[in-house]
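Given next are the chains, with one letter for each unit.
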Amino acid sequence: MKKVRNRIYLCLLLLLPFNLLAQSNATPLDYTCHFTSDSIVVDGRIDDKAWLNVPWSSNFTDIATAARMPENLFTRFKMMWNEQYLYIAACLGEPAIWGKLSKRDAIIYHDNDFEVFIDPNGDGLNYYELEINALGTVMDLFMNKPYNKGGKADLMWNFEGLRSAVAIYGSINQANDTDSRWTVELAIPWSAFKVKTVPKEGSTWRMNFSRVEWPVNIKDGTYKKQTDSSGKDLPEANWVWSPQGVVNMHIPEKWGFVKFVKSQAERAIPKCWVWAQAYHSWSVHKWQTTLQKLSEAGVTGMLLQADTSGLHKIALMANCFGIQVHAWFVTMNNTKAPAQWLSVNEEGKSLSEQKAYVDYYKFMCPALPSVRNYLKNKMDELMSVKGISGIHFDYIRYVDVILPKKLQPKYGLKQKDIMPAFDYGYHPYMRKLYKSKYGIDPLNLPDPLHDTSWLTFRLKVLDTTVTRLRNQIEKAGFITSAAVFPTPDMARRMVRQDWDSWHLNYYFPMAYHNFYGKKYHWLKKVSEIDKKAVGIHSKIFTGLFLPALKKGHSLTKAMKASFRGGADGVAFFDLRSLNNHLLQQITEFQPPKNKQ
């Protein structure tokens, strides 16, 4: 069965330039397979939380030359294991998803497929092969030795107890549209192997993975394989994880090495992040192309603002490129909040009746039980979305007391001191709480605008709200983070934000230097202050405002300043401003390695 395919391989091999073959004579790749104690639902979607921390393999390359695949046909896998199963997941980019074979143990590589090769003891003998197409049809077999040593495929043998599934992102066998990708999920029981064995800590197996892709045309509304002048099918493309050097998968000594470890995969901490929204005008192709560019540039963290449907859709796509997605949630500013929830200023004016700066400023009172219950429910809603790793708070503060000096002229203001119209937090419920504790209505204080106890009280009320949300989120195993003002002192003075006492996992100080009339060196100072404020228990990702960094190598200078100040990474605002010129600077920039 495979002999015919191998003869085709050898013919194709003769056509390959010698220099390309020489380039492909590389050391086999390696992959670390981590243990998992979580249960996995094998549905093809790769959205169980256990998968999120597991690293992807490198992208597949040509089987013989190691040449790069077309971008829209990206392919990679990830693996983990427990005492019962070897779990394998794969993501295959594909604009034209099709499949014809639906019978178990049909010759699946006659369709486009994903293939797994396993040699448990690495001696090149007694190995296994599994193939699956986009319909989810499986072919599995056992080889006592390779074909070139007289081996024959035992198609009667099966991985008994195999669990397998495929998820289609697009449509299958519908030639009138453009698809995105298909994903595979496999659970191979250890008991199914001929020599029943469970790997031990440090065990190393020889494995490889392949993808077969046939060139097709659309004829009469369906996909048809392309043929030559004699009517024979044109040869398929073969892309693999660890290049073979020749067009032949059945050379086990060229397969990669998979090391099994008992430790669970640790969550990666991206050094570069980007704020993004679910831009509804963007097609799936636009998103996929953009995510691939981000990943290749090293932007592997995304703070995404979207409804739950959009979060799920984009997060699953981003995860295929190794991009970690956190739900970006506008917290205290809620344009749909009931009027009775809205904050009140020192003049007694609610945001429901008088705007502060802009119409969309509808900050809620953080003390109200109804507000806290609303926020709790929103966290539960967001955490139900599969594919996200964390919750990112934005606008988690009071109304701006004092604007950055470069923004004040925009509103015709000169805010040298606190102005009653912009000092918020005087909701009747808040005043009642303060009076119950201190015996006086804050409006009756001699100078409520500058009273330390009243300021501290408002800070602590917001701190309590944040702490409740933090505990709720982290208890569920998600990361907590917040977009905050540049330094703790600036945050307390400008927006009543006491962020260095929140003990979140990550902070994203919005160090938009142009807002404050500052130069690049200021980013170093801000990063130093913030890193010192949070200590070793939280990460600082200095936020950079891209519209102010478009010229020359401004972004490179800003990134260097941030890292020199001790930042754990940087974050870019926002995705729509991240053009090719800026992406190139990120790609070329080499952030310092993490200290051990």
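Quick notes on the rules
- Residue numbers run consecutively from 1 along every chain, following the written order of its sequence.
- Confidence filtering applies because this is a predicted model: local features only for residues at pLDDT of at least 70, side-chain atom pairs given and counted only at 80 or more, and all residues used for totals across whole chains, interfaces and linings.
- The basis for the side-chain values is all heavy atoms of the structure; hydrogens and waters are excluded.
- Each Phe, Tyr or Trp ring (for Trp, its six-membered ring) is paired with any other whose centre lies within 6.5 Å, and the angle between the two planes then decides the class: stacked below 30 degrees, edge-to-face above 60, tilted in between.
- Secondary structure elements are taken from DSSP: a helix is a run of H or I of four residues or more, a strand is a run of E of two residues or more, and numbering for both begins at the N terminus.
- The rule is simple: take the accessible area with a 1.4 Å probe, protein chains only, and divide by the maximum for that residue type; under 20% is buried, over 50% is exposed, in between is partly exposed.
- Placement of a positive charge over a ring is assigned whenever Lys NZ or Arg CZ falls within 6 Å of the ring centre and within 35 degrees of the normal to the ring plane.
- Only residues whose relative accessible area exceeds 30% and that form no salt bridge enter a patch; like-charged residues are grouped when within 9 Å of one another, and nonpolar side chains (Val, Leu, Ile, Met, Phe, Trp, Tyr) when within 5 Å.
- Computed by Shrake-Rupley with a 1.4 Å probe, the accessible areas treat only the displayed protein chains as cover when residues are assessed.
- The term salt bridge refers to a pairing of a side-chain nitrogen on Lys or Arg with a carboxyl oxygen on Asp or Glu at a separation within 4 Å.
- When charges are counted, Lys and Arg are positive and Asp and Glu negative, with His and the chain ends excluded.
- Here the site of a charge means NZ on Lys, CZ on Arg, CG on Asp, or CD on Glu.
- Defined by distance alone, a disulfide is two cysteine sulfur atoms within 2.5 Å.
- A pocket, in this scheme, is an open set of points on a 1 Å grid over the protein atoms alone with protein on both sides within 12 Å along at least 5 of 7 lines, while a cavity is a set where a 1.4 Å probe fits but cannot get out; residues line either one if an atom lies within 4 Å of a point.
- Grid points are joined across faces, edges and corners, and a volume is the space filled by probe spheres set on the points.
- Axis lines are fitted through C-alpha atoms, for helices just across the contact stretch, and the angle between N-to-C directions can take any value from 0 to 180 degrees.
- Angles below 35 degrees are treated as roughly parallel, those above 145 as roughly antiparallel, those between 65 and 115 as roughly perpendicular, and all remaining angles as oblique.
- It is the rotation of the near helix from the far one that decides the hand of a crossing: anticlockwise by less than a right angle makes it left-handed, clockwise makes it right-handed.
- Contacts: residue pairs with any heavy atoms within 4.5 Å of one another.
- Each residue is assigned to one class: nonpolar for Ala, Val, Leu, Ile, Met, Phe, Trp, Tyr, Cys and Pro, charged for Asp, Glu, Lys and Arg, and polar for all the others, Gly among them.
- Only when DSSP finds a minimum of two bridges between them are two strands counted as paired.
- In this scheme, a helix's expected span is set at 1.5 Å multiplied by one less than its residue total.
- Working note: the arc is built from the helix axis to C-beta atom directions.
- Note on terminology: a nonpolar core comprises buried Ala, Val, Leu, Ile, Met, Phe, Trp, Tyr and Cys residues joined through side-chain atoms within 4.5 Å.

A. Expanded view of the packing of aromatic side chains. Counted by the stated rule, this structure contains 56 aromatic pairs. Note on W275 and F508: the rings are 6.0 Å apart at their centroids and 65° apart in plane angle, and the pair reads as edge-to-face. Separated by 233 residues along the polypeptide, W275 in strand β16 (residues 272-277) and F508 in strand β21 (residues 506-509) bring together distant segments of the chain. Each member of the pair, W275 together with F508, is buried. Aromatic ring contacts, followed pair by pair, group F35, W81, Y128, F142, W157, F159, W190, F193, W205 and F260 into a single cluster. The ring of F142 carries K194 above its face, with NZ or CZ at 4.2 Å from the centroid. The ring of F257 carries R206 above its face, with NZ or CZ at 3.9 Å from the centroid.

B. Structural context of a positive patch on the surface. Positive charge collects at one region of the surface, where K405, K406, K518, K519 and K525 lie side by side. Summarising the element assignment, K518 is placed in the loop between β21 and α10 (521-534). Exposure remark for K518: the relative accessible area of 39% places this residue in the partly exposed category.

C. Region of interest: the pattern of salt bridges. Under the defined criterion, the tally for this structure stands at 22 salt bridges. A salt bridge links R104 to D105, with the shortest nitrogen-to-oxygen separation between them at 3.8 Å. Under the relative-accessibility criterion, D105 is labelled buried at 18%. Here R576 ties to D574 by a salt bridge, and the two come within 3.5 Å at their closest N and O atoms. Here R576 falls in the exposed class, since its relative accessible area comes to 53%. What you see here is one network of salt bridges that share partners, running through D489, R492, D498 and D500.

D. Quick look at the state of the cysteines. One pass over the full model with this rule turns up one disulfide. A sulfur-sulfur distance of 2.5 Å marks the disulfide that ties C91 to C320. The S-S bond linking C91 to C320 shows a torsion near 100°; that makes this disulfide right-handed. Here C91 is found in strand β4 (residues 85-93), whereas its partner C320 is found in the loop between α5 (308-319) and β18 (324-330), with 229 residues between them in sequence. C320 carries the same exposure label as C91, and that label is buried.

E. Looking closely at empty space enclosed by the protein. Counting across every chain of the model gives one cavity of 30 Å³ or more. Space inside the largest cavity adds up to approximately 90 Å³. Lining the largest cavity are R45, I46, W51, L52, W56, K78, Y169, R181, T183, L316, N319 and C320.

F. Examining the packing of helix α4 (residues 284-297) against α5 more closely. For the pair α4 and α5, interaxial distance at closest approach is 10 Å and the crossing angle is 40°. Between α4 and α5, the crossing angle belongs to the class labelled oblique. You can see that α4 and α5 cross each other, and the crossing is right-handed. In this structure, α4 uses V284, W287, Q288 and L291 to contact α5, whose residues at the interface are K313, I314, M317 and A318. When grouped by side-chain class, the residues that make up the contact of α4 with α5 number six nonpolar, one polar and one charged.

G. How the structure looks around the sheet that holds strand β17 (residues 301-305). Reading around the circumference, β16-β17-β18-β19-β20-β21-β22-β23 is the order of the eight strands in this closed barrel, with parallel pairing throughout. Across the sheet, the axes of successive neighbouring strands diverge by a mean angle of 25°, strand direction being ignored. In the sheet, β17 pairs with β18 via four bridges, with the strands oriented parallel. Opposite M302, over in β18, you have V325 as the bridge partner. Its contacts with the sheet put helix α8 (residues 452-475) on β19 (390-394) and β20 (479-484), and the angle it makes with β20 is roughly 140°.

H. Quick look at α10. In this model, α10 (14 residues) spans 21 Å end to end at C-alpha, consistent with the 20 Å of a helix rising 1.5 Å per residue. Of all the positions in α10, only W522, L523, V526, S527, D530 and V534 are classed as buried. One side of α10 holds all its buried residues, which, seen down the axis, span an arc of 135°. In α10, those exposed residues whose orientation departs by more than 90 degrees from the buried face are H521, K525 and K532. As for α10, its buried residues are in contact with α9 (488-495), β21, β22 (539-545) and α11 (554-564). Within two residues after α10, G535 carries a phi angle of roughly 70°, on the positive side.

I. Molecular detail of the nonpolar core. Within the largest apolar cluster, 177 residues are counted, with the highest numbers of intra-cluster contacts made by F114, M302 and F572. The leading source of residues in this core is β4, at eight residues. Those residues in contact with F572, other than ones at most four positions away along the chain, are C272, W273, V274, W275, V299, L544, L546, L555, M559 and I586. If you look at the next biggest cluster of nonpolar residues, it comprises 14 residues, including I63, F117, M143 and W255.

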